[in-house]
Amino acid sequence: MAVFVALGAFLMTLFGGWVAQRVTDRRHLVLGLAGGLMLGVVGLELLPEALEAAGDEVFGVPQALLLFVGGFLVAHLVERLLAVRRAAHGASEGRVPQVGLTAAGAMVGHSLMDGIAIGAAFQVGEGMGTTVALAVVTHDFADGFNTYTLTSLYGNARRKALAMLFADAVAPVAGAASTVLFTLPGEFLGSYLGFFGGALLYLAAAEILPEAHHEHPARSTLLCTVAGVAFIWLMVGLVS
Ligand SMILES: [Zn+2]
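Residues numbered from 1 in each chain as written. Predicted model: local features only at pLDDT ≥ 70, side-chain atom pairs only at ≥ 80, totals over all residues. Heavy atoms only, no water.

Peer 1: Describe the overall build of the protein chain, and please don't skip the residues or the numbers.
Peer 2: A count of helical and extended segments in the protein chain gives eight helices and two strands. Across the protein chain, helices and strands are ordered from the amino to the carboxyl terminus as α-α-β-β-α-α-α-α-α-α. Compactness check: the protein chain gives a C-alpha radius of gyration of 17 Å against a globular reference of 18 Å for 240 residues, within 12% of the reference. For the protein chain, the spread of C-alpha atoms along the three principal axes comes to 55 × 45 × 35 Å. Within the protein chain, the fraction of its 240 residues that count as buried is 47%. Of the roughly 11700 Å² of accessible surface on the protein chain, 71% is carried by carbon and sulfur atoms. (Helix = DSSP H or I, 4+ residues; strand = E, 2+ residues; numbered from the N terminus. Rg over C-alpha atoms; globule rule 2.2 N^0.38 Å. Buried < 20%, exposed > 50% of the residue type's maximum accessible area, 1.4 Å probe, protein only. Areas by Shrake-Rupley, 256 points an atom, 1.4 Å probe, with all protein chains shown as cover.)

See below:
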């Protein structure tokens, strides 16, 4: 059952990436939508799940939220380090391809965890498994869309973006299959969700959205962002 569901995740991810690469002539709209999808996934899906799974407080603050802030800072740090290294090599101002690959790599790691979450939930029970599976499959459109967009945004070749997309599509299947071998503590999953949420929000707010408005400060781009958030809300509402 878990592997069958993972197949749905696989196809949904590819579909998201396919849509992203079909609309490259409307780049600012694509980026606006990606920013909205990321904000929606972070605020409406990852954070609520993280708070539910990792409830412990550290010095008055929920652990999941500390990791959320930590994820934001680490993403900022990585982006700065790569940019500085690029400048030291005398390269011209502009996008750093490694940032795109690192971000897409994080998306692939996240999708692996999505698959592990599906498998782990089915270990708890059929009902729990179905709920988590639906949540993963419905947001995998956003995962695929963002993986392709992030890779190509930073000047990586289309071939690389497609490779990252394929890796992102295979990851949930591999993750779900791997849970035959081990079980994961729920608290770890919650901490991870918080951390990934922080990193994703950084990418959306500091990279994707400014880029979306860089050349075309347009109302249609803003509408795409709001539509992205609304899409995730709709998916969350349909599943819960
Ligand atoms: Zn995901």
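Having seen it, we continue.
Peer 1: Describe the coordination of the zinc ion, and please don't skip the residues or the numbers.
Peer 2: His110 (NE2), Asp114 (OD), His139 (NE2) and Asp143 (OD) make up the full set of protein donors to the zinc ion, lying at 1.9 to 2.1 Å. Taken together, the four donor atoms surrounding the zinc ion define angles of 101 to 117° at the centre, an arrangement classified as tetrahedral. Taken in chain order, the donor set of the zinc ion reads H-x3-D-x24-H-x3-D. Here His139 lies in helix H5 (residues 126-153) and His110 lies in helix H4 (residues 97-124), a separation of 29 residues in the sequence. With respect to class, His110 is no different from His139; both count as buried. (Donors = N, O, S within 2.8 Å, 3.2 Å for Na, K, Ca; no water. Tetrahedral: all angles 85-135°; square planar, octahedral: opposite > 155°, others 65-115°.)

Peer 1: How would you summarise unusual backbone geometry if you had to cite specific residues and measurements?
Peer 2: Despite not being glycine, Phe59 shows a phi value in the positive range, around 50°. Of note, Phe59 is situated in the loop between strand E1 (57-58) and strand E2 (61-62).

Peer 1: Provide a residue-level description of the packing of aromatic side chains, including the pertinent values.
Peer 2: Taken as a whole and judged by the stated rule, the model has six aromatic pairs. Relative to Tyr202, the ring of Phe72 lies with its centre 5.1 Å away and its plane at 90°, an arrangement referred to as edge-to-face. Here Phe72, found in helix H3 (residues 63-88), pairs with Tyr202, found in helix H7 (residues 186-212); they are 130 residues apart in sequence, far enough to count as distant. Of the residues examined, Phe72 reaches a relative accessible area of 30% and is grouped as partly exposed. The interplanar angle of 35° and the centroid separation of 6.0 Å between the aromatic rings of Phe141 and Phe145 together place this pair among those described as tilted. Of this pair, Phe141 and Phe145 both sit in helix H5, separated by four residues, roughly a single helical turn. Grouping residues by exposure puts Phe141 and Phe145 together as buried. Of the aromatic side chains, those joined through ring pairs into one cluster are Phe15, Trp18, Phe141, Phe145 and Phe231. (Phe/Tyr/Trp six-rings, centres within 6.5 Å; stacked < 30°, edge-to-face > 60°.)

Peer 1: Describe the pattern of salt bridges, with residues and values.
Peer 2: Under the defined criterion, the tally for this structure stands at one salt bridge. Note that Arg80 is salt-bridged to Glu79, the shortest N-O span being 3.2 Å. According to the relative accessible area criterion, Arg80 is partly exposed, its value standing at 42%. (Salt bridge = Lys/Arg side-chain N within 4 Å of Asp/Glu carboxyl O.)

Peer 1: Outline a nonpolar patch on the surface, listing residues and values.
Peer 2: Together, Val58, Phe59, Val61 and Leu66 make up a nonpolar patch on the protein surface, roughly 410 Å² of accessible area in all. Relative to the helices and strands, Leu66 resides in helix H3. (Patch = residues over 30% accessible without salt bridge, like charges linked within 9 Å, V, L, I, M, F, W, Y side chains within 5 Å.)

Peer 1: Could you give me a rundown of the packing of helix H2 (residues 27-53) against H5, with the residues and numbers involved?
Peer 2: A packed helix pair is summarised by two numbers, namely the angle formed by the two axes and the spacing between the axes. Two elements in contact, H2 and H5, have axes separated by 10 Å at closest approach and are oriented at 135°. Taken together, the axis directions place H2 and H5 in an arrangement best described as oblique. Handedness of the H2/H5 crossing: left-handed. For the pair H2 and H5, the contacting residues are Arg27, Val30, Leu31, Leu33, Ala34, Leu37, Met38, Val41 and Glu45 in the first and Ala135, His139, Ala142, Phe145, Asn146, Thr149, Leu150 and Leu153 in the second. Of the residues assigned to the contact of H2 with H5, the class counts are 12 nonpolar, three polar and two charged. (Axes fitted to C-alpha atoms, helices over the stretch in contact; angles between N-to-C directions. Parallel < 35°, antiparallel > 145°, perpendicular 65-115°, else oblique. Left-handed = near helix turned anticlockwise from the far one by under 90°. Contact = heavy atoms within 4.5 Å. Nonpolar A, V, L, I, M, F, W, Y, C, P; charged D, E, K, R; others polar.)

Peer 1: Lay out the environment of Leu33 in plain terms, naming residues and giving numbers.
Peer 2: One can find Leu33 in helix H2. For the pair Leu33 and Ala205, spaced 172 residues apart in the sequence, the C-alpha separation amounts to 12 Å. Every residue in contact with Leu33, bar those within four places of it in the chain, is listed here: Phe145, Cys224, Thr225 and Gly228.

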